[in-house]
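Here is how the chains run, residue by residue.
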Amino acid sequence: MRTPRPWSFFVLVLPYGASFGFVSGAFPLIARQHGIAVEAIAGVVAAAFLPHAPKFLWAPLVDMTWSRKTWYVVSLALVSLGTFASMAMPISAPTLGALTAVVVASQVGLTTMGMSIEGLIGRTVPPERKGTAAGWFQAGSFLGVGLGGGAAYALVQRFGGPVGGAVLAGAFAVCALPLLGFDEPREPSKRTLRDAAAGLAKDLWSLVRSPGGIAAVVICLSPVGSGAAANLFGAIADDWRAPPSLVVAVTTTVGSLVSAAGAAWGGWVAARIGRRSAYALGGALTASMAVAMAFAPRAPWTYALFTLAYQAFNGAAFAAFSAFAFEIAGHASVATKYNILASLANTSISYTTRADGAAHARWGARGVLLADATLTGAGIALLAAVIAVTRSRKRPAGPDAG
């Protein structure tokens, strides 16, 4: 059976990042040029996030029904159609309701696209290569968000919405080509959907009751790789006298490039020193950049340097987390397990961001960075304890299992 090259997932996930990059990056700029109020724009962007919060509820459909390749193709078609329609539709106050509906429908397709790729990694990639595959997966997602928004904006400005949307949708179709290069294992035969659901419930119960599953929940809820300070880099930029053009560059396009490079490196590290260890390392390096930024001279160049370094190392932490999540998910019900773990990790990003914001109210920009580093350090200590306990109970089979 042909197995995929790890870089295949970099290509497969590009439409995922690029489609969301259009909604979060290009659309607000275009809408403002059409005189749409910021509040109304925020409403459309916020609606795009809605399908991503409860997506684990429909992840079992990807695990129990069609093949992952089929799900990818169907999802890609929905995402391509939705992206084309949202770019081609005229942007005005009367059309915002219809545009929002199109965006939300496209994002539902985006969630199943992500699940199909996650399922393919879980079922087709050998254990010793999953860390590298996870790195490429995260790298493609980061790069797609940053460059996709820029490409969509440029296409609309140069050719107009309908033509620009068609070009982007055509580029999405090319990203499916890696599917031709590997085989997907056949699912064990299940007589009915009820049998499939029973098997899924059994897999989830085995995850929850196992020591490894409990450890996974603890790790996911810890703030090791949350990278929450990045959510506030734009808000604290004035303290470094960073001009808006610099802030936009380092938090979007250039930031996506360094995050993608960091993710690729993080996947490589995870395959060699172990996924949990790589996650701790990525978190530690991210926290060290926050501390360095807190005490560095307040100048635009230090803002650019440390925000980019922070994002690069956080990309590495994200890749290591993905590798860890794929390890826990195993080969059965991958999409469901992975998205449950990812939802828990998103919870840590939320509470850490809130804590960083509260620190700013009391101690200013330096407080944001030091609070972020302190919480990350506490999470690393918890992660180290989990690693010590799990290794004492069961010695890992190889360097990729750590």
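Chemist: Before we move on, could you go through the overall build of the chain and cite the residues and values that matter?
Modeler: Looking only at helices and strands, one finds 14 helices and zero strands in the chain. The linear arrangement of helices and strands in the chain, starting from the amino end, is α-α-α-α-α-α-α-α-α-α-α-α-α-α. The C-alpha radius of gyration computed for the chain amounts to 21 Å, which stays within 12% of the reference 21 Å derived for 402 residues, consistent with globular compactness. Relative to its full complement of 402 residues, the chain shows a buried share of 53%. At a minimum sequence separation of 6, the contacts of the chain that also span at least 24 residues come to 85%. Entry remark: accessible area of the chain is about 17000 Å², with carbon and sulfur atoms responsible for 69%. Charge centroids of the chain, computed over 29 positive and 15 negative side chains, lie 4 Å from each other.

Chemist: An account of the pattern of salt bridges is requested, with residue identities and associated values reported.
Modeler: Within this structure, the stated rule accounts for five salt bridges. Two residues, Asp183 and Arg2, come together in a salt bridge whose shortest N-O distance is 3.0 Å. On the criterion of sequence distance, the pair formed by Asp183 in the loop between helix H7 (161-174) and helix H8 (193-209) and Arg2 in the segment before helix H1 (8-33) is long-range, its members being 181 residues apart. On the accessibility criterion, Asp183 (26% relative accessible area) is partly exposed. Since its relative accessible area comes to 42%, Arg2 is described here as partly exposed. When the shortest N-O distance is used, the salt bridge between Arg276 and Glu327 registers 3.3 Å. Residue Arg276 is found in helix H12 (residues 275-295), and its partner Glu327 is found in helix H13 (residues 300-329); the two are separated by 51 residues along the sequence. Since its relative accessible area comes to 24%, Glu327 is described here as partly exposed.

Chemist: Before we move on, could you go through the nonpolar core and cite the residues and values that matter?
Modeler: Counting residues in each nonpolar core, the largest one holds 78 residues, and the members touching the most others are Phe9, Phe27, Tyr72 and Ile117. Tallying contributions element by element places H1 first for this core, with 14 residues. Beyond its immediate sequence surroundings of up to four residues, Phe9 is in contact with Pro4, Ile117, Leu120, Ile121, Thr124, Val125, Ala133, Trp136 and Phe137. Among the nonpolar cores identified, the runner-up in size contains 25 residues, and Phe233, Ile236, Met293 and Ala294 belong to it.

Chemist: Break down a nonpolar patch on the surface for me, citing the residues and quoting the values.
Modeler: Together, Trp265, Trp268, Ile273 and Leu281 make up a nonpolar patch on the protein surface, roughly 370 Å² of accessible area in all. No other element matches helix H11 (residues 253-273), which puts three residues into the nonpolar patch. One can find Leu281 in helix H12.

Chemist: Before we move on, could you go through the environment of Val45 and cite the residues and values that matter?
Modeler: Residue placement: Val45 occurs in helix H2 (residues 38-49). The sequence separation of Val45 and Thr100 amounts to 55 residues, and the corresponding C-alpha distance is 8.4 Å. Here Val45 is in contact with Val23, Phe27 and Pro28, once residues within four sequence places are set aside.

Chemist: Tell me what's going on with the side chain of Thr307, and back it up with residues and numbers.
Modeler: When you line up the elements, Thr307 lands in helix H13. When its relative accessible area of 0% is taken as the criterion, Thr307 is described as buried.

Chemist: Quick rundown of the packing of aromatic side chains? Include the residues and the values.
Modeler: Evaluation of the coordinates by the stated rule reveals 12 aromatic pairs. Taking 4.7 Å as the distance between ring centres and 40° as the angle between the ring planes, the aromatic pair formed by Trp66 and Trp71 counts as tilted. Given a relative accessible area of 45%, Trp66 falls into the partly exposed group. Note on Trp71: relative accessible area 12%, which makes it buried. When the centroid spacing of 6.2 Å and the interplanar angle of 70° are considered together, the rings of Phe137 and Phe326 count as edge-to-face. Here Phe326 lies in helix H13 and Phe137 lies in helix H6 (residues 130-159), a separation of 189 residues in the sequence. Residue Phe137 shares its accessibility class with Phe326, and that shared class is buried. Connected via pairs of aromatic rings, a cluster forms that spans Phe137, Phe326 and Tyr338. It is Lys69 that lies over the ring of Phe182; its NZ or CZ is 4.8 Å from the centre. Lying across the ring of Trp240, Arg298 places its NZ or CZ 4.4 Å from the centre.

Chemist: Give me the lowdown on the confidence of the model for the chain, citing residues and values where you can.
Modeler: Here the chain averages 89 in pLDDT, while 93% of its residues score no lower than 70. Contacts from residues 396-402, a stretch scored under 50 in pLDDT, to residues over four places away or in other chains number 22 contacts.

Chemist: So what about the packing of helix H10 (residues 244-251) against H13? Which residues, and what values?
Modeler: At a minimum axis separation of 10 Å, H10 and H13 run at an interaxial angle of 15°. Relative to H13, the element H10 lies roughly parallel. The interaxial crossing formed by H10 with H13 has right-handed handedness. The segment H10 lies against H13, with Leu246, Val247, Val250 and Thr251 engaging Pro300, Tyr303, Ala304, Thr307, Leu308 and Gln311. Its residues assigned to classes, the contact of H10 with H13 comprises seven nonpolar, three polar and no charged.

Chemist: Which residues make up the environment of Ile349, and what values do they have?
Modeler: Relative to the helices and strands, Ile349 is located in helix H14 (residues 334-393). It is 9.5 Å that separates the C-alpha atoms of Ile349 and Asn231, two residues lying 118 residues apart in sequence. Ignoring anything within four residues of it in the chain, the contact list for Ile349 reads Ser226, Ala228, Asn231 and Phe318.

Definitions and cut-offs
- Here the residue index of a chain counts from 1 through its sequence in written order.
- With pLDDT at 70 or above as the cut-off, local features in this predicted model cover only qualifying residues; side-chain atom pairs require 80 or more to be listed or tallied, and sums for whole chains, interfaces and linings still use all residues.
- The basis for every side-chain value is the complete set of non-hydrogen atoms in the structure, without hydrogens or water.
- Counting from the N terminus, the helices are DSSP H or I runs at least four residues long and the strands are E runs at least two residues long.
- Radius of gyration: C-alpha atoms only; globule rule: 2.2 Å multiplied by the number of residues to the exponent 0.38.
- A 1.4 Å probe rolled over the protein chains alone gives each residue an accessible area, and that area as a share of the maximum for its type sets the label: buried under 20%, exposed over 50%, partly exposed in between.
- Should any heavy atoms of two residues lie within 4.5 Å, those residues are considered in contact.
- In this description, accessible areas are obtained by the Shrake-Rupley approach with a 1.4 Å probe, and a residue is regarded as covered only by the protein chains that are shown.
- Note that His is not counted, nor are the chain ends; the positive residues are Lys and Arg, and the negative ones are Asp and Glu.
- Think of each charge as sitting on NZ of Lys, CZ of Arg, CG of Asp or CD of Glu.
- The term salt bridge refers to a pairing of a side-chain nitrogen on Lys or Arg with a carboxyl oxygen on Asp or Glu at a separation within 4 Å.
- The nonpolar core is taken to be a set of buried Ala, Val, Leu, Ile, Met, Phe, Trp, Tyr and Cys residues, with the residues joined through side-chain atoms within 4.5 Å.
- Residues enter patches when they are more than 30% accessible in relative terms and free of salt bridges; like-charged ones are connected within 9 Å and nonpolar ones (Val, Leu, Ile, Met, Phe, Trp, Tyr) within 5 Å.
- Here the aromatic set is Phe, Tyr and Trp, taking the six-membered ring for Trp, and pairing holds for ring centres within 6.5 Å; pairs whose planes are under 30 degrees apart are stacked, those over 60 apart are edge-to-face, and all others are tilted.
- Sitting over a ring, as applied to charges here, requires NZ of Lys or CZ of Arg to be within 6 Å of the ring centre and within 35 degrees of the ring normal.
- How sure the predictor is of each residue is captured by pLDDT, a score from 0 to 100.
- Angles run from 0 to 180 degrees between N-to-C directions of axes, and those axes are lines fitted to C-alpha atoms, restricted for helices to the stretch in contact.
- With respect to orientation, any angle under 35 degrees is reported as roughly parallel, any angle over 145 as roughly antiparallel, any angle of 65 to 115 as roughly perpendicular, and every other angle as oblique.
- Handedness of each helix crossing follows the sense of rotation of the near helix against the far helix: counterclockwise by less than a right angle gives left-handed, clockwise gives right-handed.
- Throughout, the ten residues Ala, Val, Leu, Ile, Met, Phe, Trp, Tyr, Cys and Pro are labelled nonpolar, Asp, Glu, Lys and Arg are labelled charged, and all others, Gly among them, are labelled polar.

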